[in-house]
Amino acid sequence: MSDMHTEVLILGGGPGGYTAAFRAADLGKQVTLVERYPVIGGVCLNVGCIPSKALLHLAHIIHEAEAAESHGLSFGKPKIDLDKVRSWKESVSKSLNTGLAGLAKQRNIKIVQGLGTFETANSMLVEGNDGKQIITFDDVIIAAGSQATQIPVFPNDDPRLWDSTDALELNEIPKKLLIVGGGIIGLEMATVYDALGSEISVVELMDQIIPGCDSDLVRPLHKRIKKQYKNIWLETKVEGIKALKSGLKVSFSGDKAPESETFDAVLIAVGRRPNGFKIGADKAGIEVDKMGFIQVNEQQKTNVEHIYAIGDIVGNPMLAHKAAHEGKVAAEVISGEKSAFDALTIPAVAFTDPEITWMGLTENDAKKQGIEYDKGTFPWAASGRSLSLGRNEGLTKIICEKETGRVLGAGMVGPNAGELISEAVLALEMGADAEDIGLTVHAHPSLSETFAFAAEMVTGTITDLYIKKK
Amino acid sequence: MSELIEIKIPDLGGADEVEIVEIMIQSGEAVEQEQTLAVMESDKATMDLPANMAGTIQEVIIKVGDKVSQGSLVAMLRPGASNAVAEEKPVEPAAVEEKKVAVAAEPVKAAESVKTVAAKPAPVAVASSGSAHATPSVRLFARELGVDLNNLNQGSGRKGRILKEDVQAYVKKVMTEGVQGGAGIPAIPEVDFSQFGETEVQPLSKIKRLTGEHMVRVCLNLPMVTQHDEADISEMEDFRKAHNGSKPEYKLTGLVFIIKALTAALKQFPQFNSSLSADGQSLIYKKYTNVGIAVETPNGLVVPVIRDADQMSLNQLSAALVDLSGKAREGKLPPAAMQGGSMSISSLGGIGGTAFTPIVNAPEVAILGVSRAKMQPVWNGQEFVPRLMLPLDLTYDHRVIDGAEAARFLVAITQSLGDIRRLLL
């Protein structure tokens, strides 16, 4: 067993971990990154955000080509070479892997491959292919992430029962695919497999898909996929999954539950669980709650002074962009800066078709919290840009504080909506109000205009629609 | 028909948020050039707003009680009508040269923005959303300096946004004041005086209110000491009376001699012609010698400033004094005429009294009080002789000036007044 010492140790090489490592190194720290897999980038880059977006891109082209037919442009039925699709997807991840490895090397960050667990509050045991080693450290940032939630009673060893990682492997295109969980991950994968030719059914426990999101934003997506997919069962629970030779037989319960049905594959997408119990936290004296989350303060500090934690393992939302910002904070605090995580919101995007995105206060929350607000909604049916894309179902919504007009929240649904949300986040962080946004000149014709129009619905200065005088 | 012209508030000598107290025109009325359209009350004086050209008022935009600043729209005027033969050349060129469309929207905006920068905090507006109105970089900056942004009521940015400069200013303020503002000073309890007999409530004039605020601010901030002395002005009075008896253009008052003596002393002791920097770390010496004179007016106390008093003759000082105090009593002093003093004089000599303790007109560092001169027996070494003695009081900011310096300064003044030939030196 060889020993080494480092000033800052980072456990986990996902977007949170590598960002923290890079920032700490840039601030003059000697940094070692422990990553269980041979490449850095974590779930996001290898089995999450990036590969799924590559596949969604292809799904998008398939749908566009289909839609173009009614506009006078025919390509014929697409031929799908699954091996080629897979290797293209992998090449996207790989080029990013290589890029990150280069960035780490330029910063003299030592990457140790292996599974890291705490030995004491100042040392970590790393078990890798080349054996074990102990790394001692002055400060440590835990960025050990999360993994897909498994339901113990299901036949988890059956290769036809997938989690999101299996789904992204793209080994086959099942004829009948059931997606358990109508959240963002489940619906993105539904979009991919629907385009590739699977017959999709979605089952969701709550009364709407993408629970928590305002229903007016979800409605256009629901309306569209209802036509595309075989079934969308809401308020329905999966009771059991039986592995048969012919497929996975799934039984359901609930008032609206259908009869049992057999599927060629079932994707379980019911959420992710933090890895708090898997890192030997107790040996370092780090407190982990019942769910497996590590509690941190706004400087990302755990209950142990020199131990920091970031990303999925410290709480929801489990999003790469949250982890990366937290990673910077932790690295800066370790380097003696007075940073803290005080972002006002973390935007969420579902890269479905249409895309759904929101940030800040949702209407649901505003109502629950009794906050007085003004709402401006602009339907994309009045957007020339949207119509010229052959789409009219989109919607942009802005929520402003009633008294001051200050932006509190926003949401969009429609093609490319995910690219529009950043302006709303900036408006929120800058403390802009509806008037500011309406007075900002937006390029025409663009989808981004709809954000200004929604703001003008609040201020009453809209000219692209007619509002009846009260 | 000639085009409509906008009448706007001219440069008010730096005054902002001036209140309209009276409007003397109505729409349809013909006005002549220089005719007073409205009366504004600023900081410490009322000002007339003259028409910059003759014409007919088409529309009056302002109302009594409006707060206006330079550029605010007052009225629309159709020029050239009435009997007055005025050129269409405005006194304030800026008022008409600007583009119509752009200006039309501006006055409303200006009035609004003035409201939001008002000194009064609007806590709800900012606090209700639960976080300070500041961008991420400013929040980071505040954290680095350990400033809780919730302690800043409003920023100076657009719509009250807190800027980096506001955080810096707040830190400076806390550093110099130690604690925040005058918080913690117990208020004088409210008493219902009607229980003791009949009463009548009269609102204080704006000048009285502002003077009051200023005085409290000074008393809380300055450690003040008052030094008393007497000047033998027997010979000065002989000269003055003889001069005035010769029917000169300007009659000399005792005050002009005191101003003269004061400017001489300010030259000799430059620390009296200074101000403390806002952070209290340095002294700003003034190379000019401007003397403020406290003037009692029907509306309250004002302090017009005689500029470059050191370069004026006694006659010139007399003329300036007559001019400024006249304007002050009529309430027609522009704000600029009440700024930039080196030291002030408060003279109660015409009324009576043997001594008093004036309050320094900060950011000046000292003030000279003058009481009533009195014939007194003075021991000349062999006998008591009758001499006309003038009581003088010098209050000074002890952060800047020490007792011995103050004593020397006052002695210098008494010596100058005792033998005015010294003023020639």
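Figured I'd write up the structure that's included with this text. (Residues numbered from 1 in each chain as written. Chains lettered and ligands numbered in written order. Predicted model: local features only at pLDDT ≥ 70, side-chain atom pairs only at ≥ 80, totals over all residues. Heavy atoms only, no water.)

**Description of the interface of chain A and chain B**
This is how the line gets drawn: Throughout, a residue-residue contact means that at least one pair of heavy atoms, one from each residue, lies within 4.5 Å. Buried area adds together the accessible area that both of two parts lose upon being put together, with accessible area traced by a 1.4 Å probe. For salt bridges, the criterion is a side-chain nitrogen of Lys or Arg within 4 Å of an Asp or Glu carboxyl oxygen. Pairs of N or O atoms are called polar contacts if they sit within 3.5 Å, as long as, within protein, a hydrogen donor faces a hydrogen acceptor (for residues adjacent in sequence, only side-chain-to-side-chain pairs). Working definition: helices are DSSP H or I runs of at least four residues, strands are E runs of at least two. Numbering for both runs from the N terminus. For this scheme, ten residues count as nonpolar: Ala, Val, Leu, Ile, Met, Phe, Trp, Tyr, Cys and Pro. Four count as charged, namely Asp, Glu, Lys and Arg, and the remainder, Gly too, count as polar.
Listed per partner, the contact involves 19 residues of chain A and 18 residues of chain B. In total, about 1500 Å² of surface goes out of reach between chain A and chain B, with carbon and sulfur atoms giving 40% of it. Considering only the side of chain A, the residues that lose the most area to chain B are Lys338, Arg406 and Met430 of chain A, jointly responsible for 34% of the buried surface there. There are seven salt bridges connecting chain A and chain B. Asp342 of chain A serves as the salt-bridge partner of Arg139 of chain B, at 2.9 Å between the closest nitrogen and oxygen. Applying the counting rule to chain A against chain B returns nine residue pairs in polar contact (both at pLDDT 80 or more). Residue assignment for the side of chain A that touches chain B shows that the elements contributing at least two residues are helix 12 (421-430) and helix 13 (434-439) of chain A. With three residues, the single largest contributor to the side of chain A that touches chain B is helix 13 of chain A. Its residues assigned to classes, the side of chain A that touches chain B shows seven nonpolar, three polar and nine charged.

**Looking at the side chain of Ser275 of chain B**
All names here are of chain B. Position of Ser275 relative to the elements: it lies in strand 10 (residues 274-276). Separated by 2.8 Å, the side chains of Ser275 and Lys286 make a polar contact. A distance of 2.6 Å separates the side chain of Ser275 from the backbone oxygen of Pro363, its partner in a polar contact. When near neighbours in sequence (up to four residues on either side) are disregarded, Ser275 contacts Ser282, Leu283, Ile284, Lys286, Pro363, Glu364 and Val365.

**Regarding the sheet that holds strand 6 (residues 55-60) of chain B**
All names here are of chain B. The criterion, for reference: If DSSP finds at least two bridges between two strands, the strands pair.
If you walk across this open sheet you meet the four strands as 1-8-6-3, and the pairing is antiparallel. Of all the strands in the sheet, just strand 1 (5-8) and strand 3 (30-31) have a single pairing partner and so form its edges. Here four bridges tie strand 1 to strand 8 (residues 73-79), and the two strands are oriented antiparallel to one another. Bridge assignment links Glu6 to a residue of strand 8, and that residue is Met76.

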